[in-house]
Amino acid sequence: MALLLPIPALNSSSAIRGLRVPPCPGASFCCGVGLGRRGLVCWVPNAVYTAQTHTHTQSTEQQWKPKSGKREDSAEGDAITILNERIRREQSKREGSGTRTVMESEEADKYIEMVKQQQQRGLEKLRGDAGYKVDPYTLRSGDYVVHKKVGIGRFVGIKLDSASPSFNSASKTDSIEYVFIEYADGMAKLPVKQASRLLYRYNLPNETKRPRTLSKLSDTSVWEKRKTKGKIAIQKMVVDLMELYLHRLKQRRPPYPLTPAMTHFVSQFPYQPTPDQQQAFIDVHKDLTARETPMDRLICGDVGFGKTEVALRAIFCVVSAGKQAMVLAPTIVLAKQHFDVISDRFSIYPDIKVGLLSRFQTKAEKEGHLDMIKKGQLDIIVGTHSLLGSRVVYNNLGLLVVDEEQRFGVKQKEKIASFKTSVDVLTLSATPIPRTLYLALTGFRDVSLISTPPPERVPIKSHLSAYSKEKVLSAIKHELDRGGQVFYVLPRIKGLEEVMDFLEQSFPNVEIAIAHGKQYSKQLEETMENFAQGEIKILICTNIVESGLDIQNANTIIIQDVQQFGLAQLYQLRGRVGRADKEAHAYLFYPEKSLLTDQALERLAALEECCELGQGFQLAEKDMGIRGFGTIFGEQQTGDVGNVGIDLFFEMLFESLSKVDEHRVVSVPYWSVEIDLNINPHLPSEYINYLENPMEIIHEAEKAAEKDIWSLMHYAENLRRQYGKEPHSMEILLKKLYARRMAADLGISKIYASGKMVFMKTSMKKKVFKLITESMASDVYRNSLVFEGDQIKAELLLELPREQLLNWIFQCLAELHASLPALIKY
Ligand SMILES: Nc1ncnc2c1ncn2[C@@H]1O[C@H](COP(=O)(O)OP(=O)(O)OP(=O)(O)O)[C@@H](O)[C@H]1O
């Protein structure tokens, strides 16, 4: 027979040895209550009690049996296990992103204020072009649009129609322009003026994915759900970013000294800087010499607008103070070019050593370089992602320059992010992915925009047409005749040789070469070098030349099978020419119009539209709408965006960013949480005897719960690992600890029940409560909770016995707690 021991206050260890009361197996095993045909019923394993018999005195076969090592199967699905699994998942996600910061709320207040100020500055920069709503006149029939309140519809057209009295008090004969939108169950019309305030384009991350269903005018509940899902996902993203940002702000390094050497370095720049360049120089200089937190600045400038000099000056500032700088390029070709430019610019400073780490090097050369980096004998290290590997050990790294960050893989981006908390980071981008730009402008990253070209730059002439040999030959001839060089780009390695044969026949006396990423390193290096020197006149290549390559004498680029490139990629490729004051040409050839999909055509038309200098930004926006969203965002976000479309996603992201301080939950101390349920579980003596040191074990449970949910989870898992699944009364005890811990995390200071009502006194704001309930997975709990005054209230169907009430509270708190990742927790 099991002897039950009361543990009245959980922290009173003397109680364990003291009182003995009669067995009550029903109470220990009671695990549910509900309404049956015979009235209130309560379940225990192998038995059902009715309300009349619900006295918990019947005996039951089911009892706890000591079992070490393995958990009982039934434990797999129990509430504590499920909760623990969720906590573990959440934690590992956070550890992966390396962003968890614990911060005093006062300190957090200060930082949140900084974020807000920064956002304000960002907003000022955005000025006129803020907002993602669509101008209805730019829509084409068949385009998908999103109305914030109704959902996804298909744009039909704009037509004059008689004004409906509700929109216009004028007489019925007056006509105004309406936007007509088709929904699943009918057609809607919206005055154009109103439409431009309410409509967004429904672009999706993935071009092949089209909305399967249109929303219903008569039932917007499905749309509301999608919107809520999107909102929660965004909120989580904002919290993650916020944490990363706060983490960075917490880092400290002494500002770099102002030195006369810098003036000398600056004087070596052969050009008159453009005003935007000048501003970028000032911004970076301030970041480095006037701030104590590491820089995280993005330099956004169209292709060839002179971003490199900004990086060079930052490098000089850091290196002349005795620190190392690393320059990370997406391709080896570009790394080599950076190396050349840097070596050239720093050649008058013999003490500053520049090194290139590349796969072109022999093993011994590489080892030599790694050694020099470690010993601090190299001041500037240039290379590709291999610089991020664990084999590269820096002596005294101060600055990381990242060129075209979006071209790095997810893992590499994570590595780059991890640098941000310890060193200054300067990122250069010619295709500002809107998210980067957006966040930069709204508070999480600083940005300098270079939106004016160097003087005398001439826009590149784009010629889009079906492929023809004659056109290819005449384009090349034109360029060669004026002493220039030509890039000939194909999407695949296969086919390069064929083009080579054709061109060699047509231009027998011209030096032509092939370049692609799979070539032997030495060969590729030599080819690029010879092309840069002007010895090779025509370079037939893959998109290995895509970014950053700066060869001023190459002013014609021919791109074959243009439909196979991404828009941003094409823009980059086209930017390889026109980098001096000569007029440059880009010939974009597609095989045959009929072979192109609508999407491909749309993309090409966009490229043709963006022929003016400095239109890279608009293009990047368009490109994102059309394709490749997944490469910019993570998998998860790509899915989330699908709910509402990109434009509304951004709008919601922006809203969420600007309300960053409204979604804060302030936890309360663990010991201050009162749970007035009068539940004092009794541990069976068998179990007590089985535990090695019961008092210590109970004490540890309390300590773990007091610390945090993660410790409590560990505790519970260890307990089960060591002693098997606990008896029911121990489970109740654990649930009480969990409930108290979760309540503390949620800022709930008191939980009590009265009849069918459960009350949770809390300091959280109504907005936070709303967000939490919106993100709850279970309708049952969501629908039963209301927020009134300073309390969360729930009305149950019936008054529950105490243990079932605890179970209900445990589950409800677990649901609420699952929303914490979407909240700022200070
Ligand atoms: N103010 C200026 N006046 C004239 N030429 C300049 C100026 N600034 C830079 N340049 C030259 O313009 C060319 C392009 O500059 P740079 O390579 O810095 O461009 P970028 O913005 O880095 O381009 P990409 O995005 O393609 O890498 C270089 O040859 C550079 O020397």
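Residue numbers here run from 1 along each chain, matching the order of that chain's written sequence. With pLDDT at 70 or above as the cut-off, local features in this predicted model cover only qualifying residues; side-chain atom pairs require 80 or more to be listed or tallied, and sums for whole chains, interfaces and linings still use all residues. By convention in this description, side-chain values take in all heavy atoms of the structure and omit both hydrogens and water.

Asks: Sorry if this is basic, but what is going on with helix α16 (residues 521-533) here?
Replies: One turn of an α-helix holds 3.6 residues; hence residues three or four places apart share an orientation. In this description a helix means any DSSP run of H or I spanning at least four residues, a strand means any run of E spanning at least two, and both kinds are numbered starting from the N terminus. The span expected for a helix works out to 1.5 Å for each residue beyond the first. Taking 1.5 Å as the rise per residue, α16 with 13 residues should run 18 Å; its terminal C-alpha atoms sit 18 Å apart, in good agreement. The complete set of buried residues in α16 reads Ser521, Leu524, Thr527, Met528 and Phe531. The arc enclosing the buried residues of α16, seen along the axis, measures out at 135 degrees, which places them on a common side. By the convention used here, residues are in contact when the closest approach between their heavy atoms is within 4.5 Å. The inward-facing, buried residues of α16 contact α10 (332-345), β18 (485-489), β19 (512-515), β20 (538-541) and β21 (554-560). Positive phi shows up at Gly534, right after α16, with a value of about 90 degrees. The classification of residues rests on relative accessible area computed with a 1.4 Å probe and restricted to protein chains. Under 20% of the type maximum is buried, over 50% is exposed, and intermediate values are partly exposed. To be clear, the arc concerns the directions from the helix axis to the C-beta atoms.

Asks: Looking at this structure, how should I read a negative patch on the surface?
Replies: Negative charge collects at one region of the surface, where Glu497, Glu498, Asp501 and Glu504 lie side by side. Take Asp501: it is sitting in helix α15 (residues 496-506). Within the patch definition used here, like charges are joined within 9 Å and nonpolar side chains (Val, Leu, Ile, Met, Phe, Trp, Tyr) within 5 Å, considering only residues with over 30% relative accessible area and no salt bridge. The protein chains shown are the only cover counted for residues, whose accessible areas, like all others here, come from Shrake-Rupley with a 1.4 Å probe. The salt bridge criterion pairs a side-chain nitrogen of Lys or Arg with a carboxyl oxygen of Asp or Glu, the two atoms within 4 Å. We score Asp and Glu as negative and Lys and Arg as positive, and we do not count His or the chain ends. To locate a charge, take NZ of a lysine, CZ of an arginine, CG of an aspartate or CD of a glutamate.

Asks: Even after reading the chapter, I still don't get the pairing of β18, so can you show me in this structure?
Replies: Walk down a regular strand and you will see the side chains alternate between the two sheet faces. In terms of residue burial, β18 counts as a mostly covered element, since five of its five residues are buried. Alternating positions in β18 separate into two faces, Gln485, Phe487 and Val489 on one and Val486 and Tyr488 on the other, with burial throughout. DSSP calls a pair of strands paired once it identifies at least 2 bridges connecting them. Pairing geometry for β18 and β21, over five bridges, is parallel. If you follow Val489 over to β21, its bridge partner there is Ile559. Bridge analysis of β18 against β20 gives four bridges, and the strand direction is parallel.

Asks: What's the story with the confidence of the model for the chain in this structure? I'm lost.
Replies: Predicted coordinates in regions of low pLDDT should not be interpreted in detail. For every residue, the pLDDT score states the predictor's confidence, bounded by 0 at the bottom and 100 at the top. Of the residues in the chain, 74% reach a pLDDT of 70 or more, and the chain-wide mean stands at 77. Throughout residues 1-76 the model reports pLDDT below 50, and contacts reaching past four residues in sequence, or to other chains, amount to 154 contacts. A low-confidence stretch, residues 166-171 stays under pLDDT 50, and its non-local contacts, those more than four residues away or across chains, total five contacts.

Asks: Whenever I open this one, the site of the ligand confuses me. Can you help?
Replies: Being near a molecule or strand, for a residue, comes down to having at least one heavy atom within 4 Å of it. In the vicinity of the ligand lie 21 residues, with Lys307, Thr308, Asp550, Gln552 and Arg579 positioned nearest. Gly306 places a main-chain nitrogen or oxygen 3.1 Å from an oxygen atom of the ligand. Here a polar contact means two N or O atoms within 3.5 Å. Within protein one must be a hydrogen donor candidate and the other an acceptor candidate, and residues neighboring in sequence count only if both atoms are side-chain atoms. Within the side chain of Lys307, a nitrogen or oxygen atom sits 2.7 Å from an oxygen atom of the ligand. When the ligand sits alone it has 630 Å² of accessible area, and the protein chains cover 89% of it. Classifying every residue of the shell around the ligand gives seven nonpolar, eight polar and six charged. Domain start and stop points were drawn from an automatic or database domain assignment. A domain split of the shell around the ligand shows at least three residues from each of domain 2 (252-450) and domain 3 (461-612). Note that Gly is not counted as nonpolar here; it falls among the polar residues with everything else outside the nonpolar set of Ala, Val, Leu, Ile, Met, Phe, Trp, Tyr, Cys and Pro and the charged set of Asp, Glu, Lys and Arg.

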